[in-house]
Amino acid sequence: MISLIVLFPLLAAIIAGLGNRIIGNVPAKIVTTGALFASCALSWPIFLSFVAGDAAPYVEPVFTWIRSGDFDAAWALRVDTMTAVMLVVITSVSALVHLYSWGYMEEDPDQPRFFAYLSLFTFAMLMLVTANNLLQMFFGWEGVGLASYLLIGFWFRKPSANAAAIKAFVVNRVGDLGFMMGIFGTFLVFGTISIPEILEAAPSMAGSTIGFLGGRFDTMTVLCLLLFIGAMGKSAQLGLHTWLPDAMEGPTPVSALIHAATMVTAGVFMVCRLSPMFETSPTALGVVTFVGAATCLFAATVGTVQNDIKRVIAYSTCSQLGYMFFAAGVGAYGASMFHLFTHAFFKALLFLGAGSVIHAMHHEQDMRYYGGLRNEIPITFWAMTAGTLAITGVGIIGVFGFAGFYSKDAILEAAYASGGSGQLAFYVGVFAALLTSFYSWRLVFLTFFGTPRWAASEHIQHAVHDAHGHGDHGHADHGHDDHVDGSKAHGEGDYAHYTPLTGTGGYHPHESPWSMLIPLIVLSIGAIFAGFVFHHSFVEAEQGAAFWQGAIAFDTHLMHAMHEVPLWVKLAPAAVMLSGLAIAWLAYIRYPEWPRQFVGQFGVLYQFLLNKWYFDELYNVLFVKPAFAIGRIFWKAGDVGLIDRFGPNGLAALVVQGGKITRRLQSGYLYTYALVMLLGLAAAATWAIAR
Amino acid sequence: MNQLGFPILTLMMAVPMAAAIACLYASDKTARMIALAATLVDLALGIVLWLTFDQSAMGAQWQFTEYAPIFGRFAWALGIDGIALMLIVLTVFLMPICIGASWLAIDKRVGEYMAAFLLMEVLMIGVFTAQDIFLFYVMFEAGLIPMYLIIGIWGGAERIYASYKFFLYTLLGSVLMLIAMMWMVQQAGTTDIPTLMAFDFSPQAQSWLWLAFFASFAVKMPMWPVHTWLPDAHVQAPTAGSVILAGVLLKMGGYGFIRFSLPMFPEASAQFAPLVFGLSMVAVVYTSLVALVQSDMKKLIAYSSVAHMAIVTVGLFAFNAQGIEGAMMVMLGHGLVSGALFLCVGVIYDRLHTREISRYGGLAINMPKYAVLFLLFTMAAVGLPGTSNFVGEFLALMGVYEASSWVAIVCTTGIILGAAYMLYLYRRVCYGDLVNDDARAMPDLSGRELWLLAPIAAAVLWMGIYPESFLAPMRADVAALVARIDRARPAGDAALTAGNPAAAAAAAGEHGQTHDTPGEAH
């Protein structure tokens, strides 16, 4: 069964990808979407049987992959609780995104290619989560990277999309460097890369030391940190996060599937999968906690000032991934995975909702040109509201809460209960929760409330103009339009000097087709109930231990301690959530002039946040430009100026200077070579005979 | 005489030899057909060879051996092990593709051209099968003559400079190697390569001999800083010439290291391993950065070849099975992938007659089939898992990690830089909008071109997904080689100590680390 789940998307990708124009749009879409729904239907029973506690982990071997000396990595599909959780997340979101794309990509000329990429991605992601050894995980890891590259650059005529695609791939490769080194080290230390064998042997290696890059370090710390660098790349953690916001160049369904629900959580998955290994190194866990908390805070601050609706959600994703990491860092792997699970639903929902808004607004992505949309697209509005309630963690303790309420609170409580650096993470997490609430509600208020500000949007103007003018100007072209960088395309992105034009500009947004609304509704159900239904299994001490069956280093002690935290700790998330909501309401509904005053007052801070702490500029100066400059120096000064000059060319000059004899001999170059060759041969032969 | 009952190795050389002579006297059209037929026959023979090769641990190390004394100690001694087998299979696989690639592109002196190619096939099979050290030398050096001719006669505008550079570099190395060989034969009293592989030269002598061989192999690889002939040779060579140069000729250096330097001079190899590592580390970073700034497609791929070959050299001198098998896999994978990339360049060069990257762009729009295949080969060159190059790069780097973490980390940066320059190339050629009118008018792949690229694509995926077919024949031979050089293996820098969980837990408790109950969960 597991092999069918994994194989269906691959087959569908091959059929749709190679069939492409031959089979046409509709068959390609039916094959891929059908395959994904089939995989999804097969995945849920597996997950539910783990929830019910009547399933045991197993491994299904496929065939040999790489065998060399003592090294043996086979293709195999592992099914345990971790896999089961990921299976439902991946196949459900992917199936819904496939369906959604029927509507969203309706007018794109390249649909089979798009669906093939989506299915290929799903296959790679499934290979990643079913891996029984680190190398297959790496295969899936790179496979999703490839799919991400292809999908970010799907509209390959757009220079910005191409740049974003390359950036995503290359930045991820920096992480992969760490991952690969981690695999090398793991093999050196354990003599195997089979995950169960490593996890079993890991505790006995605690306290061992290893030589690495000239120093001596704790073995497990080195291995865990190397692997964690890989996780940081894929999960866009601080330092290696720069690719994620740019990845929003891809079509919105892609952002929902890859850059919110599944691929970016691969790093979290890896840390949890290898949790017994990380448990042997307190230092590594400390780093995980620190990086997670730092990312959580950083991304949330940037998210508060972005104007592009997708970028707000992208930074939100980055921030939520930070939560998952510091949960893992404090040892609450169950809570980490739980947040991954709930986040997949509500974040996919938010992205798809944003896609629906963008669809309605004719590919306008700048929230400053939205406003008052709740009456025009009511279903999208309610779905987005459900997502916002879930991400901000609305709920009443002991009664009912939206998905994020259970998972985020579990993380914060576990962080507080773990003590030490976990407490720091707790405070950071609470502050980030305030920001989360603020930017999430800001998004909702700017988009759906207030008066329409559509008139100023170029996209809307185009749309209105086209409707009245030449109607044959295809919609699809707009998909390829250069809304290069939402904030830069319009009005230089400076809120301070910007006066919004109000009015509809004669445009009437339409609610999206049902193929897009059904996924929104299904995901809304997930965002509302996923936490309530499954929180016992994921984070309750006794039920959790039975559910996880040792698939993660589940700490029952910590899960107990979580419930004994002081009351104010439990109430803190709710308090900051309400504060964030209040601030957003005041700033964007009650007193709309506040943001402009704030920008006027704190221009430097605002610019700093708007420009994402200047990471891109910094990396450009530190890495990109020097790489090209040094490359040019090596080429012009090294190869041409030094090696050739004193090597072959210098020698040639010497020969020319050397005299006429040589020149006379060199009647034709080619014959000379043959002659020298013959002379050598003759010498060898003579000598061989002579002795 | 062997499991087949006929001298298959000699036959594999005789067929293209006879065809080469026939080509010289045939009309253009016939010459093409003769060349194609002969290379296909050799491909079939190569497959027979692969299938009948006994890969079990029980199998003899040297199979299909032939021996016929010529004069003195000089003998027609042939035989192959698994390592040579795989390189022969690579050669005979690429040859028909090269003929196909030259089908229309070469229209002057076709007979001579085809003869040169067939002669090259003879000599390359000779290099990989020779069991007599002088026979090897003859094949090794003579193999370059057809290449000089191909670059010098059918090459681009700067062909004379390129072939001259090619010659100058190779000459120096080969003279030293010949002298070393003569001395070795005198010492050991035999020209038989298998015997020499088991002969123990004194460590002092080894150092000199190693350096003499290194001078030749390093140029052939090519290693930094003697790599500058390669970009020029590639740029000037016709497409098929580049394919065979990157696909097979560059592998002769690596083969030389495996066949001579390592088994014959284990102590010297260990002694000079740091030199090899150092040059390779420089090569990976240096040539990758140079590749990044190239505006000529062929130069870019040529520089990337140097970076890939550096992974081969570090793998070989890792002194373990993963390193050596990985190096072999990189050679095979790179042979396919860089060959395919040069073919991809050839496809668009034939249409527009320029290698300037900036003249292209947006080809994914009007050449979708081409874009798909080019993407596959680009990804393979980047070392994406599931393609041939990943298997080799991964194993080689894993092997070298055991020897030195520094070397491993510096060489692994190649995966970042490789992604940068290859994707940047692909982006400029295939993505973006069609801006140049002449590029817009280019038709997609013809049936012939598809038939050249599709088999390589299949092989690239096969090697990436089920590399066992390629690793299994080499396993016993690599194991024998590792056993042979094991006595000289330098200690790695890891020096792992045993774990002490109790002490570690106590230390963690004392310092009041993050987690109050480490490890309690299990």
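Source: prediction; values computed, not measured. (Residues numbered from 1 in each chain as written. Chains lettered and ligands numbered in written order. Predicted model: local features only at pLDDT ≥ 70, side-chain atom pairs only at ≥ 80, totals over all residues. Heavy atoms only, no water.)

(A) Up close: the overall build of chain A. Regarding its fold elements, chain A presents 31 helices and 6 strands. The C-alpha radius of gyration of chain A comes to 29 Å, within 12% of the 26 Å expected for a compact globule of 691 residues. Projected onto its principal axes, the C-alpha positions of chain A cover 100 × 70 × 55 Å. When contacts within chain A are restricted to residue pairs at least 6 apart in sequence, long-range pairs at least 24 apart make up 79% of them. When the accessible area of chain A is evaluated, it comes to approximately 23500 Å², of which 68% is carbon and sulfur surface. With 33 positive and 42 negative side-chain charges, chain A shows a separation of 12 Å between the mean positions of the two kinds. (Helix = DSSP H or I, 4+ residues; strand = E, 2+ residues; numbered from the N terminus. Rg over C-alpha atoms; globule rule 2.2 N^0.38 Å. Contact = heavy atoms within 4.5 Å. Areas by Shrake-Rupley, 256 points an atom, 1.4 Å probe, with all protein chains shown as cover. Lys, Arg positive; Asp, Glu negative; His and termini not counted. Charge placed at Lys NZ, Arg CZ, Asp CG, Glu CD.)

(B) Geometry of the nonpolar core. Of all hydrophobic cores here, the largest spans 457 residues; its most connected members are A:Y149, A:F341 and B:L363. If near-sequence neighbours (up to four positions away) are discounted, A:Y149 is found in contact with A:A165, A:I166, A:F169, B:L375, B:M379, B:L423, B:Y426 and B:Y431. Membership of the second largest hydrophobic core comes to 5 residues, among which are A:V305, A:Y606, A:L609 and A:L610. (Core = buried A, V, L, I, M, F, W, Y, C linked by side-chain atoms within 4.5 Å. Buried < 20%, exposed > 50% of the residue type's maximum accessible area, 1.4 Å probe, protein only.)

(C) Representation of unusual backbone geometry. In this chain, B:M221 is followed by B:P222 through a cis amide linkage whose omega measures -10 degrees. With an omega of 5 degrees, the peptide bond between B:W224 and B:P225 qualifies as cis. Structurally, B:P225 can be placed in the loop between α9 (203-220) and α10 (229-236). Even without being a glycine, A:Y614 presents a positive backbone phi close to 60 degrees. Position of A:Y614 among the secondary structure elements: in the loop between α27 (603-610) and α28 (615-646).

(D) Spotlight on the packing of aromatic side chains. Residues and elements named next belong to chain A. Scanning the entire structure with this criterion turns up 87 aromatic pairs over all chains. On the numbers, 5.7 Å between centres and 70 degrees between planes, the contact of Y149 with F169 is edge-to-face. With Y149 in helix α5 (residues 134-152) and F169 in helix α6 (residues 159-190), this residue pair connects regions lying 20 residues apart in the sequence. What makes Y149 buried here is its relative accessible area of 2%. We classify F169 as buried; its relative accessible area is 5%. Ring centres of F341 and F345 lie 5.3 Å apart, and the angle between their planes is 85 degrees; on these two criteria the pair is classed as edge-to-face. (Phe/Tyr/Trp six-rings, centres within 6.5 Å; stacked < 30°, edge-to-face > 60°.)

(E) Local environment of the interface of chain A and chain B. Tallying the contact residues gives 95 residues for chain A and 103 residues for chain B. Taken over both partners, the interface formed by chain A and chain B buries close to 8700 Å², and the fraction arising from carbon and sulfur atoms is 71%. At the junction of chain A with chain B, the criterion picks out 2 salt bridges. Among the ionic pairs, A:R157 bridges to B:D433, the shortest N-O distance being 3.3 Å. Between chain A and chain B we count 18 residue pairs in polar contact (both at pLDDT 80 or more) in total. With 17 residues, α6(A) is the largest single contributor of residues to the side of chain A that touches chain B. Of the residues contributing to the side of chain A that touches chain B, the split by class is 59 nonpolar, 22 polar and 14 charged. (Buried area = accessible area lost by both parts, 1.4 Å probe. Salt bridge = Lys/Arg side-chain N within 4 Å of Asp/Glu carboxyl O. Polar contact = N/O pair within 3.5 Å; in protein donor to acceptor, adjacent residues only side chain to side chain. Nonpolar A, V, L, I, M, F, W, Y, C, P; charged D, E, K, R; others polar.)

(F) Broad picture of the domain arrangement of chain A. If you check the domain split of chain A, you get domain 1 (1-455 + 508-613) and domain 2 (647-690). Placing a centre on the C-alpha atoms of domain 1 of chain A and another on those of domain 2 of chain A gives a separation of 66 Å. (Domains from an automatic or database assignment.)

(G) Local environment of the UniProt feature "domain: NADH:quinone oxidoreductase/Mrp antiporter transmembrane" (unreviewed entry) in chain B. The sites that carry the UniProt feature "domain: NADH:quinone oxidoreductase/Mrp antiporter transmembrane" (unreviewed entry) are, in the present numbering, residues 130-415 of chain B. Segment residues 130-415 of chain B splits into 81% helix and 0% strand. End C-alpha atoms: 35 Å apart. (UniProt positions renumbered as here; feature names shortened; annotations may be inferred.)

(H) Region of the structure containing the pattern of salt bridges. Scanning the entire structure with this criterion turns up 24 salt bridges over all chains. Notably, a salt bridge pairs B:R109 with B:E112, separated by 3.9 Å at the nearest N-O pair. The closest approach of N and O atoms between B:D486 and B:R489, which form a salt bridge, is 3.0 Å. Given the relative accessible area of 44%, B:R489 is considered partly exposed. Overlapping salt bridges bring together A:K167, A:D246, A:R311 and A:D616 as one network.

(I) Representation of the UniProt feature "domain: NADH:quinone oxidoreductase/Mrp antiporter transmembrane" (unreviewed entry) in chain A in the model. Taken from the UniProt record, the annotation "domain: NADH:quinone oxidoreductase/Mrp antiporter transmembrane" (unreviewed entry) applies to residues 131-435 of chain A. Between the C-alpha atoms that bound residues 131-435 of chain A the distance is 36 Å, and the span itself is 71% helix and 4% strand.

(J) A look at the pairing of strand β2 (residues 71-79) of chain A. Residue and element names in this part refer to chain A. Counting buried positions over the 9 residues of β2 gives 7, a clear majority of the element. With 9 bridges connecting them, strand β1 (residues 58-68) and β2 associate as antiparallel partners. Across the sheet, the residue bridging to T64 is A74, located in β2. Between β1 and β2, which follow one another and run antiparallel, lie 2 residues, and G69 among them has a positive phi close to 60 degrees. (Pairing = 2+ DSSP bridges.)

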